[in-house]
Amino acid sequence: MRLLEDLKTKCRCYYGEVTPKGLLKVALSDGTSANVLYRVAQKLREVHLGPAAVVCSEFSKLKNGCLIGRNAEFGEGFVLMHPHGVIINSGVRGGRNVVVESGVVIGAARNGLPVQVPTLGDDVFIGAGAKILGPVKVGNNVRIGANAVVVKDVPDGATVVGIPARVL
């Protein structure tokens, strides 16, 4: 189940390992309800209960201050550390173990039609306030620094910082 893997990844982020006590703490921590509501909305959409999925998304927006487009897809291990101010476009695709801090925007660029959105690889950390905009591809094992603005592809294993983001 993807939600359990999300919680395990968050537990590893906080405590370095997965323990029953750690999982309980994580389940009660900031942002977990946003993860739960995102995964519930995904499942409702999969079983053709779109209106219920919309209600879940809207409730998460009100409760958590976070907007994740209904069609955004992330692999297992998706973590919203602190969901406030997070906005993720509906077309975004992310791999496994994507960790998102507060105030992150992963969005589209309208350089004509169709709208172009980012694609994220596996094992990606996105620091607070970072923006990833347009048809960029973020590789595997990437760290995006706080407040970085990513508008170009990021290679595997890179750490990027700055405005516009550049590889360290």
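Residues numbered from 1 in each chain as written. Predicted model: local features only at pLDDT ≥ 70, side-chain atom pairs only at ≥ 80, totals over all residues. Heavy atoms only, no water.

Colleague: Could you give an account of the nonpolar core, with specific residues and numbers?
Modeller: Counting 29 residues, the largest nonpolar core has Phe74, Phe78, Ile88, Ile126, Ile132 and Ile144 as the members making the most contacts within it. Listed by contribution, the elements that provide at least two residues to this core are helix H3 (32–46), strand S6 (98–100), strand S9 (124–126) and strand S12 (142–144). Beyond its immediate chain neighbours, meaning those up to four positions away, Ile88 contacts Leu67, Ile68, Gly69, Ala72, Phe74, Phe78 and Ile106. Core analysis: the second largest hydrophobic core is formed by five residues, Leu37, Leu44, Ala53 and Cys56 among them. (Core = buried A, V, L, I, M, F, W, Y, C linked by side-chain atoms within 4.5 Å. Buried < 20%, exposed > 50% of the residue type's maximum accessible area, 1.4 Å probe, protein only. Helix = DSSP H or I, 4+ residues; strand = E, 2+ residues; numbered from the N terminus. Contact = heavy atoms within 4.5 Å.)

Colleague: Go over the layout of surface pockets with me, naming the residues and quoting the values.
Modeller: When its volume is computed, the largest pocket comes out at roughly 170 Å³. Lining the largest pocket are Met1, Arg2, Leu3, Arg39, Val40, Gln42, Lys43 and Glu46. Of all the secondary structure elements, the ones that give two or more residues to the lining of the largest pocket are helix H1 (2–15) and H3. When residues of the lining of the largest pocket are assigned to their parent elements, the largest contribution, five residues, is made by H3. (1 Å grid on protein atoms, 1.4 Å probe; cavity = no way out; pocket = protein on both sides within 12 Å on 5 of 7 lines; lining within 4 Å. Points joined across faces, edges and corners; volume = space filled by probe spheres on them.)

Colleague: Now, about the sheet that holds strand S11 (residues 137–138): what can you tell me, with residues and values included?
Modeller: Within the open sheet, the four strands sit side by side as S2-S5-S8-S11. Their pairing is parallel. The open sheet is flanked by strand S2 (73–74) and S11, the only strands paired with a single partner. (Pairing = 2+ DSSP bridges.)

Colleague: Please provide a residue-by-residue account of the side chain of Asn35, values included.
Modeller: Here Asn35 lies in helix H3. Every residue in contact with Asn35, bar those within four places of it in the chain, is listed here: Leu3, Asp6, Phe78, Val79 and Leu80.

Colleague: Describe the packing of H3 against helix H4 (residues 50–64), naming the residues involved and giving the relevant values.
Modeller: It is at 8 Å that the axes of H3 and H4 come closest, and there the two elements cross at 170°. With respect to each other, H3 and H4 are oriented roughly antiparallel. Note that H3 runs across H4; the crossing there is left-handed. On H4, the residues that touch Ser33, Ala34, Leu37, Val40, Ala41, Leu44 and Arg45 of H3 are Gly50, Ala52, Ala53, Cys56, Ser57, Phe59, Ser60, Lys63 and Asn64. Taken together, the residues of the contact of H3 with H4 break down into nine nonpolar, five polar and two charged. (Axes fitted to C-alpha atoms, helices over the stretch in contact; angles between N-to-C directions. Parallel < 35°, antiparallel > 145°, perpendicular 65-115°, else oblique. Left-handed = near helix turned anticlockwise from the far one by under 90°. Nonpolar A, V, L, I, M, F, W, Y, C, P; charged D, E, K, R; others polar.)

Everything listed is a geometric property; what it means functionally is a separate question.
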